[in-house]
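Examining the three-dimensional arrangement
Residue strings, one per chain:
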Amino acid sequence: AIALSRYGHAASASTVSGYEPMASGPFSPDWKSLTTYQTPDWFRNAKFGIWAHWGPQCEPEFGDWYARGMYEEGGDAYKYHLKKYGHPSVFGFKDVIHQWKADKWNPDSLLALYKKAGAKYFVALANHHDNFDLYDSKYQPEWNATKIGPKKDLIAGWSKAARNNGLRFGVS
């Protein structure tokens with residue numbers, strides 16, 4: 001197995017301390033190997049799928065990359081944050097995550113709607129730029145949606161709903 005070192009070089013997993021070995025697969029870490037990839041028939045024939053870019057960055061209802069923009073003094077997200085929550089040094093993104101409850105989230109209803117619209121697959125956001133995992137993560141055992149915010153495994157919920165509705169499922 002190989003893993004990427006802190007410097008982006010392929011290295012033997014046994015020689016890189018602190019890294020878990022990657023699962024072996026059909027590709028080696030080079031472009032030539034990737035040229036052998038073939039898109040699965042189901043994906044080529046699907047024509048339409050939906051990706052949910054939904055996570056704690058949606059709680060403030062002020063666009064994407066909120067967790068970054070709210071700290072950029074003078075920017076629109078910063079000004080919005082000051083009005084809605086106060087100064088980000090007092091009420092930061094970690095506090096926004098605690099407010100995000102996902103209490104009206106109904107994955108079964110949403111996926112049924114997506115299927116009715118013609119979707120053949122569904123992809124859910126599993127982690128955004130904030131490193132907050134939306135599943136019960138062994139990599140972020142205390143910084144994930146099962147412990148903070150909604151206190152539920154959102155990826156498990158999306159996965160179950162996708163399968164219940166006969167849709168292929170993926171994560172990003």
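The structure we're discussing is the one just above.
Residues numbered from 1 in each chain as written. Predicted model: local features only at pLDDT ≥ 70, side-chain atom pairs only at ≥ 80, totals over all residues. Heavy atoms only, no water.

**A word on helix α7 (residues 154–164)**
All of the buried residues in α7 are Leu 154, Ile 155, Trp 158, Ser 159, Ala 161 and Ala 162. Packing partners of the buried residues in α7 comprise β3 (49–52), α6 (107–116), β4 (121–124) and β5 (168–171). Looking at where α7 begins, the residue whose side-chain oxygen comes 3.3 Å from the main-chain nitrogen of Ile 155 is Asp 153. One or two residues past the end of α7 sits Gly 166, with phi positive at roughly 70°. (Buried < 20%, exposed > 50% of the residue type's maximum accessible area, 1.4 Å probe, protein only. Helix = DSSP H or I, 4+ residues; strand = E, 2+ residues; numbered from the N terminus. Contact = heavy atoms within 4.5 Å. Polar contact = N/O pair within 3.5 Å; in protein donor to acceptor, adjacent residues only side chain to side chain.)

**Describing the packing of aromatic side chains**
The final tally for this structure, using the stated rule, is 16 aromatic pairs. A centroid spacing of 5.8 Å and a plane angle of 25° characterise the contact between Tyr 114 and Phe 122, whose relative ring orientation is stacked. What makes Tyr 114 buried here is its relative accessible area of 17%. By the ring-pair criterion, three or more aromatic residues cluster together here, those being Trp 54, Trp 100, Trp 105, Tyr 114, Phe 122, Trp 158 and Phe 169. (Phe/Tyr/Trp six-rings, centres within 6.5 Å; stacked < 30°, edge-to-face > 60°.)

Note that all results are geometric; they support no functional claim without further evidence.
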